[in-house]
Amino acid sequence: GAVVSQHPSRVICKSGTSVKIECRSLDFQATTMFWYRQFPKKSLMLMATSNEGSKATYEQGVEKDKFLINHASLTLSTLTVTSAHPEDSSFYICSAWGGASGSAGTDTQYFGPGTRLTVL
Amino acid sequence: KNEVEQSPQNLTAQEGEFITINCSYSVGISALHWLQQHPGGGIVSLFMLSSGKKKHGRLIATINIQEKHSSLHITASHPRDSAVYICAVGHSGGGADGLTFGKGTHLIIQP
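Because the structure is a prediction, the values reported are computed rather than measured.

(A) Summary view of the pairing of strand β9 (residues 83–90) of chain B. Residue and element names in this part refer to chain B. Burial analysis of β9 places 7 of its 8 residues in the buried class, the great majority of the element. The pairing of strand β4 (residues 31–37) with β9 spans 7 bridges and is classified as antiparallel. Among the inter-strand pairings, histidine 33 is bridged to a residue of β9, identified as alanine 88. In the sheet, β9 pairs with strand β11 (residues 105–110) via 3 bridges, with the strands oriented antiparallel. Bridge pairing in β11 places alanine 83 opposite leucine 107. For β9 and strand β10 (residues 100–101), the ladder comprises 2 bridges, and the chain directions are antiparallel. The residue bridging valine 89 from the neighbouring strand is threonine 100, located in β10.

(B) Up close: the environment of A:Gly61. Position of A:Gly61 relative to the elements: it lies in the loop between β6 (57–58) and β7 (67–73). Relative accessible area serves as the criterion here: at 74%, A:Gly61 is assigned to the exposed category.

(C) Examining the sheet that holds strand β3 (residues 19–25) of chain A more closely. Residue and element names in this part refer to chain A. Strand order across the open sheet formed by 4 strands is β1-β3-β8-β7, with antiparallel pairing between neighbours. For this open sheet the edge positions go to β1 (4–7) and β7, each flanked by a neighbour on one side alone. Averaged over all neighbouring strand pairs, the angle between strand axes comes to 15°, with direction disregarded. Summarising the sheet, β1 and β3 pair through 4 bridges and their orientation is antiparallel. Across the sheet, valine 4 pairs through a bridge with serine 25, a residue of β3.

(D) Structural view of the pattern of salt bridges. All names here are of chain A. If you walk through the whole model with that rule in mind, you get 3 salt bridges over all chains. Note that aspartate 88 and lysine 66 form a salt bridge whose closest N and O atoms lie 2.9 Å from each other. Note that aspartate 88 is positioned in the loop between β8 (76–81) and β9 (90–97) and lysine 66 in the loop between β6 and β7, a separation of 22 residues in sequence. Among the residues examined, aspartate 88 registers a relative accessible area of 4% and is labelled buried. Residue classification places lysine 66 among the buried positions, given a relative accessible area of 12%.

Basis of the calculations
- Residues numbered from 1 in each chain as written.
- Chains lettered and ligands numbered in written order.
- Predicted model: local features only at pLDDT ≥ 70, side-chain atom pairs only at ≥ 80, totals over all residues.
- Heavy atoms only, no water.
- Buried < 20%, exposed > 50% of the residue type's maximum accessible area, 1.4 Å probe, protein only.
- Helix = DSSP H or I, 4+ residues; strand = E, 2+ residues; numbered from the N terminus.
- Pairing = 2+ DSSP bridges.
- Axes fitted to C-alpha atoms, helices over the stretch in contact; angles between N-to-C directions.
- Salt bridge = Lys/Arg side-chain N within 4 Å of Asp/Glu carboxyl O.

Here it is, written out as structure tokens:
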């Protein structure tokens, strides 16, 4: 099946620093990648939708200048949390969609394993 | 905005029992996803369906579009099925849409 990887799996940083999280589709080309956030004991929430070569579309309430998304190729999207604060501590998950014709084999989203961010 | 409700929130059962998890949503959708999240957070997509019923191994997912309701069934449950099961809905069709998630059902299967 289609595989999506994320790196790093876990990161601890100091308040005020920036952290970059990578999301890669390993064996298919991802037309669209999605970034989600999950706070403890809460639902996953969509942060932004990213199409290769285009600016990301952010959900209401998500600061685009704080959460920078770059989707430079069909296999890589990055999320940079700028000037991180403790309230940004969360579990960040990406997913990738290979397109209706099924670059990944089926028309669905494939999820990465997630990145746990802790800001001290 | 679609409201996605799951029930039950927590479910503990004995190995071998038939499990049902329910999901209802408030606004018409184009696709509904059932996901499995294990401790540690990794998410696996189990099903995506827009009508009818799908089966994969011991898992069965059904959806009733008119009633805005879906169920996930696990037959012959096993301790390895212990996980959080999440219902999510999309509006644009297929996997092209950012999803709205339910809060999940925490399932524990005891030996």
